[in-house]
Amino acid sequence: MLLIIFIFISAFIIRGIEPETFDSYFTALWRIMTTVTTVGFGDISPVTTAGQLYAMTAVYIVGIGLMGVVIGYIVDSIHEYRRNKEEGKLSYKKSNHYIIINYTKRSKETIDELLIMHEDKEIV
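What counts, and at which threshold
Residues numbered from 1 in each chain as written. Predicted model: local features only at pLDDT ≥ 70, side-chain atom pairs only at ≥ 80, totals over all residues. Heavy atoms only, no water. Core = buried A, V, L, I, M, F, W, Y, C linked by side-chain atoms within 4.5 Å. Buried < 20%, exposed > 50% of the residue type's maximum accessible area, 1.4 Å probe, protein only. Helix = DSSP H or I, 4+ residues; strand = E, 2+ residues; numbered from the N terminus. Contact = heavy atoms within 4.5 Å. Axes fitted to C-alpha atoms, helices over the stretch in contact; angles between N-to-C directions. Parallel < 35°, antiparallel > 145°, perpendicular 65-115°, else oblique. Nonpolar A, V, L, I, M, F, W, Y, C, P; charged D, E, K, R; others polar. Salt bridge = Lys/Arg side-chain N within 4 Å of Asp/Glu carboxyl O.

### As for the nonpolar core
Across soluble globular proteins, you tend to see nonpolar side chains buried next to one another.
Item 1. Residues L3, I14, I32 and V36 are the most contacted members of the largest nonpolar core, which totals 15 residues.
Item 2. Of all elements in the fold, only α1 (2-17), α2 (25-37) and α3 (49-86) reach the threshold of two or more residues within this core.
Item 3. Beyond its immediate stretch of four places on either side in the chain, V36 contacts L3, V59, G63, I64 and M67.

### Looking at the packing of α1 against α3
Item 1. Running from N to C, α1 and α3 point in directions that differ by 170°, and their axes come no closer than 10 Å. In this view, α1 runs roughly antiparallel relative to α3, as classed from their interaxial angle. Every residue of α3 that contacts α1 at L2, L3, F6, S10, I13, I14 and I17 is listed here: A50, G51, Y54, A58, V59, V62, G63, L66, M67 and V70.
Item 2. In terms of residue class, the contact of α1 with α3 is built from 14 nonpolar, three polar and no charged.

### Some words on the pattern of salt bridges
Between side chains of opposite charge, a pair can form when the charged atoms approach closely.
Item 1. All told, the structure shown has five salt bridges when counted by the stated rule.
Item 2. The partner of E87 in a salt bridge is K89, with the nearest N and O atoms 2.9 Å apart.
Item 3. Overall, E87 belongs to the partly exposed group, its relative accessible area being 42%.
Item 4. The exposure class assigned to K89 is exposed, which follows from its relative accessible area of 55%.
Item 5. Note that R106 is salt-bridged to E109, the shortest N-O span being 3.8 Å. Linking R106 with E109, this pair stays in helix α4 (residues 105-117), spanning three residues, or about one helical turn.
Item 6. You can call R106 exposed: its relative accessible area is 58%.
Item 7. A relative accessible area of 35% places E109 in the partly exposed class.

Now the structure itself:
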């Protein structure tokens, strides 16, 4: 949420600093988004010293840093989900299933036999 708030406030601020360069709020928002998510396109950029300072200090450092944190959080969440799934730590709410604890070579044989005998059952 902090990143989204930052982006919208930054668009408002850069539009206030340079209304001639950013003729609409949407243009300012587009500029902030392209700068935070990529390296920007360069077709629209601040021309005044105040606008350039704001872009360098706030948008480049804080905005790109926040975007890195958000992307890192998303990747970490996906990794955490996959790890929990592999370790069997996710809750399972269905019924008519078998639970195998402590997977070993013998467990693999048991699972194969269960799947042959009961194709409609799930193994957790």
